[in-house]
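One-letter residues, chain by chain:
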Amino acid sequence: MPRNLTSTGEQNMADAGLAPVSALPGVGPVLAAALERIGITRIQDLWFHLPLRYEDRTRLTPIRDLRVGESAQVEGTIEAVERGFRFRPQLRVVISDDSRSMLCLRFFNFRRAQVEQLQPGTRLRCYGMVRHGAHGAEIVHPQYQRLAAAGVEVAESLTPIYPTTEGLGQKRIGSLIALALERLPADDELELIPASLRAPLHMISLREALLRVHQPPADSDVQALGAGRHPAQIRLAFEELLTHHLSLKRLRASVREHGAPRLAGDGSLRKALLDALPFALTGAQRRVSAEIAHDLAQAEPMLRLVQGDVGSGKTIVAAWAAMAAVESGFQVALMAPTELLAEQHLRNLAAWLAPLGIEPVWLAGKVKGKARSAALEALARDAQVVVGTHALMQQGVAFRNLGLVIIDEQHRFGVHQRLALRDKGREGARVPHQLVLTATPIPRTLAMTAYADLDVSVIDELPPGRTPVATVALSSARREEVIERIRLACAEGRQVYWVCTLIEETELLEAQAAEVAHAELSSHLQGLEIGLVHGRLKPAEKQKVMDAFRAGRCALLVATTVIEVGVDVPNASLMVIENAERLGLAQLHQLRGRVGRGSQASTCVLLYQPPLSALARERLTAMRETSDGFVIAEKDLQLRGPGELLGTRQTGRLEFRVADLARDASMLPQVQQVGSAMLADHPQSCERLVSRWIGGMARFAGA
Ligand code: ADP
Ligand code: MG
């Protein structure tokens, strides 16, 4: 008993942050469960649950001075209330203030009780984003409170707004964080970055930084806080980037502790593969192949990312690497994120490998029953190459001796899935080599952080004979003209993609949009064979449509963004992207990469719905001005930040709390320096940092 007490006591001394949230007064099981949904289980999780943004309720803005696009707090008296039913019920409340200007508050969801409270003469204080309305400035769905009289005090400090979840309001989470902060230990206990490494950075202490971001004092630099440039945020961003870097480095180190089979081979299959190709590898393809061959011949696992713009020819490099493994008697698995793409790889590999007497095995979700058992049996026995989707990682899939795992379009999978497939090939302490292909060009600074666990090779040269794609942006008012253009193109024997996009990325809505476009185009372009593919088609139907398009039997393919990834039909030379303003640069670039693959001059038409936001305009301009994936990636990073760029909405891999890779890129060299020193000399502090910032995610560290 006493021993137990002592050890708990020591634990708390060492890290008060490790106590469960239930140690705070008022936190019962229900609240604890809500907190757990957003990843908060310990006191320190509350310390590091950082505000998403701030609302400035420290002052009142006269209505006359309101600026469209900015959030503001306003106080005024209700002049008029109007209920209307234009399209849907709405409530308009007009207020005025001493600046003798009017502001309209609009509500689309409202209750009767609410309407009754909003009588002319009532004083309101409201907060929200100002926009241009039909009759001047307006705020849609402002937060508001009724005031008994003028002169009620405004907030003393900025109001932090936290990420939260259902059943957990801003007030509640704010007060819990305040309680947790009372337990924040003294500086020297809290800091995990050793003082000697911290000193040259000239940053404020962690304790001060946390207190400032959660409870910004009245005299805070409001502008800096809003822009994420406050010294407190810089301090936290540094630590967050450092932690991220450490976790990837650790991941890499632990993977490299395993052995891997040496896949040196005699080169015979690789030579036969190249001899049978109708083209020669580009210089870049040869260089990257050599880098891969070097890694494969080592007794520790390769962890290599091959970056190459769309159409740069990554697949043949992957096939070549696969032959290195097969030459050494090992199996290779190639996994792609979508069935469409996996099927295409299967077709390519089957064609390339047939002269070598190798037939790839196919394993996707739709492979069922007998075909599936046959595939599984082959994997357990003599299969040399298998191509498939996530199905490769499912239970019941077992390999004889997996030596190399190749993953296409890595950002759609994420670290954990990569590990899952690798573990299929684990044999005792030995794991397969990993090769990751991605078409998302990533700026260097970003790559060093995002892929700190991988070595990077770049295919920076396109195969010869490609013609650049001419890109135009047209308003949707010119839709009919565009449709005419399609008719002409098809009459010349060219093939055309029509891509439908939606804001809400539910497959159902996207499929419906594609069906509508298909019907419209069919009625305008009678006599033309028009295909339709979207994510909700049965695989066999999808296959049929794609086959017809590939074979040229169908001239126009209406598709959702399912074709974004990897589809390769060289005769397609015109692409129309509907609502192009909704897509990010990386996605537009991927889509456009589907044309310009043959020798014909290609065109990409970006149809947009006016009016364009400033951001959308910049994106469309960038698309018109360059086709270089790396330039586009830099621009994208600058315009919208790295999370989107890396497609992490699916993987959660790079969602930072305060850091912003675009904004904080200049810190990365220091992050890497401090990181190396800590890994070498302070491994325990590294552990604690990762646990603090990444928490549950840290379980991948033991990989
Ligand atoms: P991505 O890098 O986008 O995956 P792919 O591997 O699909 O590109 O290659 C695009 C097209 O270019 C394919 O049709 C492929 O056969 C062809 N290709 C690849 N390498 C070369 C080369 N060195 N010369 C000519 N064509 C090539
Ligand atoms: Mg590809």
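Please refer to the structure placed before this passage.
These numbers were taken from a predicted model, which means no experiment stands behind them. (Residues numbered from 1 in each chain as written. Chains lettered and ligands numbered in written order. Predicted model: local features only at pLDDT ≥ 70, side-chain atom pairs only at ≥ 80, totals over all residues. Heavy atoms only, no water.)

Enquirer: Please set out the nonpolar core residue by residue, giving values where relevant.
Expert: In this structure, Met323 and Leu404 are the most contacted members of the largest nonpolar core, which totals 61 residues. Formed by 53 residues, the second largest nonpolar core is a distinct cluster that contains Leu181, Val213, Leu236 and Val674. (Core = buried A, V, L, I, M, F, W, Y, C linked by side-chain atoms within 4.5 Å. Buried < 20%, exposed > 50% of the residue type's maximum accessible area, 1.4 Å probe, protein only.)

Enquirer: Describe helix H22 (residues 614–625), listing the residues and the values that go with them.
Expert: Helix length check: H22, at twelve residues, gives a terminal C-alpha distance of 16 Å against a target of 16 Å (1.5 Å per residue), a fit within 8%. Here H22 has its buried residues at Ala616, Arg619, Leu620, Ala622 and Met623. On an axial view of H22, the arc spanned by its buried residues comes to 155°, and they lie on one face. Projecting away from the buried face of H22 at angles above 90 degrees are the exposed residues Ala614 and Glu625. (Helix = DSSP H or I, 4+ residues; strand = E, 2+ residues; numbered from the N terminus. Expected span 1.5 Å × (residues − 1). Arc of directions from axis to C-beta.)

Enquirer: Report on unusual backbone geometry, specifying residues and quantitative values.
Expert: Cis geometry is found at the peptide bond from proline 610 to proline 611, where omega equals 0°. Although it is not a glycine, arginine 100 sits at a positive phi angle of roughly 60°. In this structure, arginine 100 sits in the loop between strand S3 (90–96) and strand S4 (102–107). Relative accessible area serves as the criterion here: at 77%, arginine 100 is assigned to the exposed category. Phi angles above zero are rare outside glycine, and asparagine 579 is one such case at about 50°. Here asparagine 579 shows up in the loop between strand S20 (572–577) and helix H21 (585–592).

Enquirer: Tell me about the site of ligand 1, and name the residues and values.
Expert: Close to ligand 1 lie 17 residues, the nearest being Gly311, Lys314, Thr315, Arg466 and Asp568. The contact in question runs from an oxygen atom of ligand 1 to an N or O atom on the side chain of lysine 314, over 2.7 Å. For ligand 1, whose accessible area on its own is 570 Å², the fraction buried by protein is 83%. Looking at the shell around ligand 1 residue by residue, the classes come out as six nonpolar, six polar and five charged. (Near = heavy atom within 4 Å. Polar contact = N/O pair within 3.5 Å; in protein donor to acceptor, adjacent residues only side chain to side chain. Areas by Shrake-Rupley, 256 points an atom, 1.4 Å probe, with all protein chains shown as cover. Nonpolar A, V, L, I, M, F, W, Y, C, P; charged D, E, K, R; others polar.)

Enquirer: Break down the packing of aromatic side chains for me, citing the residues and quoting the values.
Expert: One pair of aromatic rings is described through two measures. These are the centre distance and the angle between the planes. All chains considered together, the criterion is met by three aromatic pairs. Measuring from ring centre to ring centre gives 5.8 Å for phenylalanine 107 and tyrosine 144, while their planes differ by 80°; the resulting arrangement is edge-to-face. In this pair, phenylalanine 107 sits in strand S4 while tyrosine 144 sits in strand S7 (residues 143–147), placing the two residues 37 residues apart along the sequence. A relative accessible area of 3% means that phenylalanine 107 is categorised as buried. Seen from their ring centres, tyrosine 497 and phenylalanine 549 are 5.2 Å apart, and the 55° between their planes marks the pair as tilted. Of this pair, tyrosine 497 sits in strand S17 (residues 495–499) while phenylalanine 549 sits in helix H20 (residues 539–551); the two residues are 52 residues apart in sequence, bridging distant segments of the chain. Assessed through its relative accessible area of 0%, tyrosine 497 is described here as buried. A relative accessible area of 0% means that phenylalanine 549 is categorised as buried. A cation over a ring is seen here: arginine 57 above tyrosine 127, with NZ or CZ 4.5 Å from the ring centre. (Phe/Tyr/Trp six-rings, centres within 6.5 Å; stacked < 30°, edge-to-face > 60°. Lys NZ or Arg CZ within 6 Å of the ring centre and 35° of its normal.)

Enquirer: Break down the environment of alanine 364 for me, with residues and values.
Expert: Examined against the element boundaries, alanine 364 turns out to sit in the loop between strand S11 (361–363) and helix H15 (369–380). Linking alanine 364 and leucine 392, residues 28 residues apart in sequence, is a C-alpha distance of 7.1 Å. Excluding residues that lie within four positions of it along the chain, alanine 364 makes contacts with Glu339, Thr389 and Ala391. (Contact = heavy atoms within 4.5 Å.)

Enquirer: Explain the environment of leucine 349 residue by residue, including any values.
Expert: Relative to the helices and strands, leucine 349 resides in helix H14 (residues 339–353). Separated by eleven residues in the primary sequence, leucine 349 and proline 360 place their C-alpha atoms 7.1 Å from one another. Beyond its immediate chain neighbours, meaning those up to four positions away, leucine 349 contacts Thr315, Ala319, Leu334, Ala354, Pro360, Val385 and Val387.

Enquirer: Please give an account of the pairing of strand S10 (residues 331–335) that cites residues and values.
Expert: For S10, the buried fraction is high: five of the five residues fall into the buried class. Burial along S10 is two-sided: Gln331, Ala333 and Met335 and Val332 and Leu334, pointing in opposite directions, are all buried. The pairing of S10 with strand S12 (residues 385–388) spans four bridges and is classified as parallel. Note on S12: the bridge partner recorded for valine 332 is valine 385. (Pairing = 2+ DSSP bridges.)

Enquirer: If you had to explain the pattern of salt bridges to someone new, which residues and values would you point to?
Expert: Once their charged atoms are close, side chains differing in charge can pair, the charge on each being opposite to the other. Here the structure, examined in full by the defined rule, presents 34 salt bridges. Here glutamate 687 makes a salt bridge to arginine 250, at a shortest N to O gap of 2.5 Å. With a gap of 437 residues between them, glutamate 687 in helix H28 (residues 683–694) and arginine 250 in helix H10 (residues 231–256) connect regions that are remote in the sequence. The exposure class of glutamate 687 is partly exposed, given its relative accessible area of 43%. With a shortest N-O distance of 3.9 Å, glutamate 291 and arginine 304 are connected by a salt bridge. You can see glutamate 291 sitting in helix H12 (residues 283–296) and its partner arginine 304 sitting in strand S9 (residues 303–308), a full 13 residues away along the chain. Taking the relative accessible area as the measure of exposure, arginine 304 reaches 10% and is therefore buried. Put simply, Glu191, Arg198, Arg235, Glu239 and Arg692 are held in one network by salt bridges that share partners. (Salt bridge = Lys/Arg side-chain N within 4 Å of Asp/Glu carboxyl O.)

Enquirer: Run through the sheet that holds strand S19 (residues 556–559), naming residues and quoting values.
Expert: Spatially, the six strands line up as an open sheet ordered S16-S21-S20-S17-S19-S18, and their pairing is parallel. A strand with exactly one partner marks an edge of an open sheet, and here the two such strands are strand S16 (469–475) and strand S18 (530–533). Within this sheet the neighbouring strands show an average axis-to-axis angle of 20°, counted without direction. Relative to S20, S17 runs parallel, the two being bridged by five bridges. Residue pairing for S20: valine 499 is matched across the bridge by isoleucine 577. (Axes fitted to C-alpha atoms, helices over the stretch in contact; angles between N-to-C directions.)

Enquirer: Can you break down the sheet that holds S12 residue by residue, with the values?
Expert: Judged by pairing direction, the sheet is parallel, and its seven strands sit side by side in the order S11-S12-S10-S13-S14-S9-S15 without closing on themselves. The sheet is open, and its two edges are formed by S11 and strand S15 (455–459), each paired on a single side. Neighbouring strand axes in the sheet, compared pairwise and without regard to direction, differ in orientation by 20° on average. Seen against the sheet, H15 touches S10, S11 and S12 and runs at an angle of roughly 125° to S11.

Enquirer: Which residues make up the state of the cysteines, and what are the values?
Expert: Counted according to the given criterion, the structure contains zero disulfides. There is no disulfide at cysteine 554, and the cysteine sulfur nearest it, in cysteine 490, is 8.8 Å away. (Disulfide = S-S within 2.5 Å.)

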